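So the chains spell out like this:
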Amino acid sequence: ASVRNSIALRNANSVSRSGMRVVSTVMRLVSMGINRMVASRMTPVRPMPPTVAPLIEELVEQLSAERVLSAPEDLAVYAYDATWYEHRPDVVVNALSSGEVSAILRLADGERIPIVPRGAGTGLAGGSVPASGGIVLNMAMMNRILEIDVENMVAVAQPGVITGVLQEEVEKLRLFYPPDPASL
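Residues numbered from 1 in each chain as written. Predicted model: local features only at pLDDT ≥ 70, side-chain atom pairs only at ≥ 80, totals over all residues. Heavy atoms only, no water.

1. Side note on the overall build of the chain
Now for step 1: Along its length, the chain carries six helices and six strands.
Now for step 2: Walking the chain from its N terminus toward its C terminus, one meets helices and strands in the order α-α-α-β-α-β-α-β-β-β-β-α.
Now for step 3: Put simply, the chain has 184 residues, and 40% of those count as buried.
Now for step 4: Within the chain, contacts between residues separated by at least 24 positions form 58% of all contacts whose residues are at least 6 apart in sequence. (Helix = DSSP H or I, 4+ residues; strand = E, 2+ residues; numbered from the N terminus. Buried < 20%, exposed > 50% of the residue type's maximum accessible area, 1.4 Å probe, protein only. Contact = heavy atoms within 4.5 Å.)

Structure representation (structure tokens):
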């Protein structure tokens, strides 16, 4: 199935109650550094549920330590999307294939640990925010266009494909992919 990721820009400025502009997000990023800024906005670090630690060990064993993230600074990056809602996951897993996704889902289901799938994390509805903690299943590395069937006008893509990239590829075939304009 074709999957599309929304890409949106955050409003760089916010207005205080008195109507005065506060420092823009961009200025805060420059002056404070992204990790400090993100960490300061996050929910407090909570203890990891006891069922998650053995799961992390098993995920590292099956995948690799580089693709299983549990350090607080890594978790902070995956705790929000383009909304202002935030909640830290217990672990982030970077999947490379549908087989890995299936294995991760089986492991999590066995322990009743919630999973939140994530692409670019730019959605505007909080869908990639792990509101109950658990696992963020990051599929951004699954970013290949598997097939563009011109005759049937169907594209098959992995979930991490960026909408703009898909549009560029179909244009090479003299087709048009008409997404929501905010998704480019």
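2. Let's talk about helix 6 (residues 163-172)
Now for step 1: What helix 6 keeps buried is the set Thr-163, Gly-164, Leu-166, Gln-167 and Val-170. All buried residues of helix 6 fall inside an arc of 160 degrees around its axis, so they share one side.
Now for step 2: Those residues of helix 6 that are buried lie in contact with strand 5 (145-149) and strand 6 (154-157).
Now for step 3: Where helix 6 ends, the next residue or the one after it, Arg-174, has phi of about 65 degrees, a positive value. (Arc of directions from axis to C-beta.)

3. Some details on the packing of helix 3 (residues 52-62) against helix 5 (residues 98-111)
Now for step 1: Axis separation between helix 3 and helix 5 bottoms out at 11 Å; the angle between their running directions is 160 degrees. Between helix 3 and helix 5, the angle is such that the two are roughly antiparallel. For the element pair helix 3 and helix 5, the recorded crossing hand is right-handed. Where helix 3 abuts helix 5, its residues Leu-55, Glu-58, Leu-59 and Gln-62 lie against Ala-103, Ile-104, Leu-107 and Ala-108.
Now for step 2: Each residue belonging to the contact of helix 3 with helix 5 can be placed in one class, and the counts come to six nonpolar, one polar and one charged. (Axes fitted to C-alpha atoms, helices over the stretch in contact; angles between N-to-C directions. Parallel < 35°, antiparallel > 145°, perpendicular 65-115°, else oblique. Left-handed = near helix turned anticlockwise from the far one by under 90°. Nonpolar A, V, L, I, M, F, W, Y, C, P; charged D, E, K, R; others polar.)

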